[in-house]
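Fold and contact review
Here is what each chain is made of, one letter per residue.
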Amino acid sequence: MTCSSLALVSNKVTMFHFPVPGVVFCLQILVTVIFIYVWQWLGKITADSFSTENVRTFVPYIMSFVISLYSNGRALAHSNVETVIVFRSCSPLCVSILDWLFLGRELPSLRSSLSLIGVVLGAVGYVLADSEFAVRGLSAYFWVTCNLCGIVFEMTYGKRLISKVTFSAPVWGSVLYTNALALVPMFLMAASAGELQRFQQVE
């Protein structure tokens with residue numbers, strides 16, 4: 001939770017100075033991939049090589065990862081950190097329902113369900129009290145809603161993905177696959193949004 005909050009705050013500061021989320025995330029992803037390969041070359045870690053079957057399995061997950069990451073950046077650029085956190089807090093309830101529907105998991109206990117519903121009611125109260133909602137209506141939450149949907153899909157599909165893909169190095173292998181495969185789609189998204197030209201103007 002602390003790391004997630006720090007990441008949100010640091011990304012918010014970054015988006016304030018460089019309002020080009022696709023470009024920023026491309027740089028972050030590229031640095032992550034370079035870090036993995038350098039440390040693998042130094043013999044500090046091991047990461048799985050790419051295989052056609054694993055890449056095919058990862059494609060839907062990568063798409064949701066790119067959408068959730070990019071929408072997170074756009075949400076931070078257009079909203080405050082509190083709004084993003086409030087919407088993210090609704091993800092456990094959504095994930096628990098989807099786990100029950102599609103993965104055959106048990107629903108949360110009564111106490112847990114009441115707690116999750118309380119969180120959602122708190123989010124609804126936040127929205128109703130938010131001045132942005134009063135001025136712009138539901139359109140004020142387009143990007144945070146996209147971010148929530150992407151996160152929920154990631155957390156749900158990710159569990160099925162784990163059962164289908166076997167890594168010799170589960171941590172670094174999955175991190176390498178996720179970031180390396182997300183680099184090109186994120187770059188294309190940034191380019192299609194005109195961020196490359198805006199980035200040159202920011203510089």
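1. Some details on the environment of tryptophan 100
Residue placement: tryptophan 100 occurs in helix α5 (residues 91–102). In contact with tryptophan 100, not counting residues within four places along its chain, are Arg105 and Leu107.

2. Focus: the packing of helix α2 (residues 21–41) against helix α3 (residues 52–78)
Look at α2 against α3: their axes get within 9 Å of each other, and the N-to-C directions meet at 130 degrees. By the criterion of interaxial angle, the relationship of α2 to α3 is oblique. The chirality of how α2 crosses α3 is right-handed. Listed contacts from α3 to Pro21, Gly22, Phe25 and Ile29 of α2 are Leu69, Tyr70, Asn72, Gly73 and Arg74. Here the contact of α2 with α3 is composed, by residue class, of 5 nonpolar, 3 polar and 1 charged.

3. Some points on the nonpolar core
Ranked by internal contacts, the top residues of the largest apolar core, which has 42 residues, are Phe58 and Met186. Counting only elements with at least two residues in this core, the list comes to α1 (2–17), α2, α3, α4 (81–88), α6 (110–129), α8 (142–164) and α9 (170–192). With 9 residues, α3 is the largest single contributor of residues to this core. The contacts of methionine 186, once residues within four sequence positions are left out, are Gly22, Phe25, Cys26, Ile29, Val66, Leu69 and Tyr70.

The rules behind the values
- Residues numbered from 1 in each chain as written.
- Predicted model: local features only at pLDDT ≥ 70, side-chain atom pairs only at ≥ 80, totals over all residues.
- Heavy atoms only, no water.
- Helix = DSSP H or I, 4+ residues; strand = E, 2+ residues; numbered from the N terminus.
- Contact = heavy atoms within 4.5 Å.
- Axes fitted to C-alpha atoms, helices over the stretch in contact; angles between N-to-C directions.
- Parallel < 35°, antiparallel > 145°, perpendicular 65-115°, else oblique.
- Left-handed = near helix turned anticlockwise from the far one by under 90°.
- Nonpolar A, V, L, I, M, F, W, Y, C, P; charged D, E, K, R; others polar.
- Core = buried A, V, L, I, M, F, W, Y, C linked by side-chain atoms within 4.5 Å.
- Buried < 20%, exposed > 50% of the residue type's maximum accessible area, 1.4 Å probe, protein only.

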